[in-house]
Amino acid sequence: MTSRTGFFVLSGVLLLVALVCVGEGVQLLATGKPLGIGLGLCAFVVPVIGVWFLRQTVRFGRYSERLAKELEAEGGLPVDELKRTTGGRIDRASADAVFARRRAEAEAAPGDWRVFFRLAVAYADAGDVPRARKTMQHAIRLHRTAGATSTTGTTGTTGTTGTTESARSNA
């Protein structure tokens with residue numbers, strides 16, 4: 001099962017569970033007893049949290065995909081230069097070397113979303129998914145900031161080391 005298929009299956013299950021929770025919450029509220037009312041209200045909170053989490057995950061995926069497409073159009077997507085074992089697994093030393101290079105690029109250009117996108121990919125290749133996600137979220141924030149400054153008509157002197165100018169030329 002691909003990750004996208006798994007996501008849609010789990011999203012459907014989450015929405016089904018949310019509907020069941022709401023139905024149970026209505027029944028608990030209808031009892032009129034204080035404990036039933038309290039549990040019924042809690043049954044309404046759980047689906048809200050689940051749907052919020054699902055929404056955040058979908059937004060993250062869509063924005064990450066948008067950044068990847070923009071980077072691909074610029075010709076800046078990271079190429080797969082990792083060595084692999086005969087079984088197809090990524091060689092740890094190779095992933096560490098690429099990661100070190102990507103981290104140095106990010107330190108040299110702290111305002112460029114492109115280098116943080118590539119750093120996020122390097123984190124994922126090295127097997128550090130939580131840091132990959134955090135770094136991708138940072139790249140998304142930088143991209144939004146660059147897009148906001150490019151649409152307001154600023155002169156490009158935002159301290160983002162050229163990000164505003166290149167974002168303006170891509171708009």
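Since we're looking at a predicted model, the values are computed, not measured.

Rules and cut-offs
Residues numbered from 1 in each chain as written. Predicted model: local features only at pLDDT ≥ 70, side-chain atom pairs only at ≥ 80, totals over all residues. Heavy atoms only, no water. Axes fitted to C-alpha atoms, helices over the stretch in contact; angles between N-to-C directions. Helix = DSSP H or I, 4+ residues; strand = E, 2+ residues; numbered from the N terminus. Parallel < 35°, antiparallel > 145°, perpendicular 65-115°, else oblique. Left-handed = near helix turned anticlockwise from the far one by under 90°. Nonpolar A, V, L, I, M, F, W, Y, C, P; charged D, E, K, R; others polar. Patch = residues over 30% accessible without salt bridge, like charges linked within 9 Å, V, L, I, M, F, W, Y side chains within 5 Å. Areas by Shrake-Rupley, 256 points an atom, 1.4 Å probe, with all protein chains shown as cover. Salt bridge = Lys/Arg side-chain N within 4 Å of Asp/Glu carboxyl O. Lys, Arg positive; Asp, Glu negative; His and termini not counted. Charge placed at Lys NZ, Arg CZ, Asp CG, Glu CD. Buried < 20%, exposed > 50% of the residue type's maximum accessible area, 1.4 Å probe, protein only. Contact = heavy atoms within 4.5 Å. Polar contact = N/O pair within 3.5 Å; in protein donor to acceptor, adjacent residues only side chain to side chain. Expected span 1.5 Å × (residues − 1).

A separate point is the packing of helix α1 (residues 3–30) against helix α2 (residues 34–74). Relative to each other, α1 and α2 sit at 160°, their axes nearing to 8 Å. Considering the angle they form, α1 stands roughly antiparallel to α2. In terms of crossing hand, the pair formed by α1 and α2 is left-handed. A class-by-class count of the residues in the contact of α1 with α2 yields 18 nonpolar, six polar and two charged.

Taken together, the side chains of Arg55, Arg59, Arg62, Arg66 and Arg144 define a basic patch exposed on the protein surface. Note on placement: arginine 144 falls in helix α5 (residues 129–151).

Here we take up the environment of histidine 143. Tracing the sequence through the fold places histidine 143 in helix α5. On the accessibility criterion, histidine 143 (13% relative accessible area) is buried. Setting aside residues up to four positions removed in sequence, histidine 143 forms contacts with Tyr63, Leu67, Glu70 and Trp113. Engagement of the side chain of histidine 143 in a polar contact is seen with the side chain of tyrosine 63, the distance being 3.3 Å.

What follows is about the pattern of salt bridges. Tallying each qualifying case throughout the model produces ten salt bridges. Measuring nitrogen to oxygen at the nearest pair gives 2.7 Å for the salt bridge that ties glutamate 74 to arginine 114. Placement of the pair is glutamate 74 in helix α2 and arginine 114 in helix α4 (residues 113–125), with a sequence separation of 40 residues. Among the residues examined, glutamate 74 registers a relative accessible area of 31% and is labelled partly exposed. Looking at arginine 114, the relative accessible area reads 8%, which means it is buried. Glutamate 81 serves as the salt-bridge partner of arginine 101, at 2.5 Å between the closest nitrogen and oxygen. Placement of arginine 101 in helix α3 (residues 92–108) and of glutamate 81 in the loop between α2 and α3 is noted, with a sequence separation of 20 residues between them. Residue glutamate 81 is classed as partly exposed on the basis of its relative accessible area of 36%. Within this structure, Glu81, Arg101, Arg102 and Glu105 form a network of salt bridges that share partners.

Structurally, arginine 118 can be placed in helix α4. Here arginine 118 occupies a buried position and makes no salt bridge, while the nearest side chain of opposite charge, glutamate 105, is found at 4.1 Å. Engagement of the side chain of arginine 118 in a polar contact is seen with the backbone oxygen of glycine 76, the distance being 2.7 Å. Beyond its immediate stretch of four places on either side in the chain, arginine 118 contacts Leu71, Gly76, Pro78, Arg102 and Glu105.

A few words on α2. Over its 41 residues, α2 extends 61 Å from the first C-alpha to the last, a length consistent with the 60 Å expected when each residue adds 1.5 Å. Regarding α2, the residues found buried are Gly36, Gly40, Ala43, Pro47, Gly50, Leu54, Phe60, Tyr63, Ser64, Leu67 and Leu71. In the stretch just after α2, glycine 75 is the one whose phi turns positive, near 80°.

On to the packing of α3 against α4, then. Axis separation between α3 and α4 bottoms out at 9 Å; the angle between their running directions is 155°. Relative to α4, the element α3 is oriented roughly antiparallel. Seen from above, α3 lies across α4 with left-handed handedness. Contacts between α3 and α4 involve Ala95, Phe99, Arg102, Arg103, Glu105 and Ala106 from the first element and Val115, Phe116, Arg118, Leu119, Ala122, Tyr123 and Asp125 from the second.

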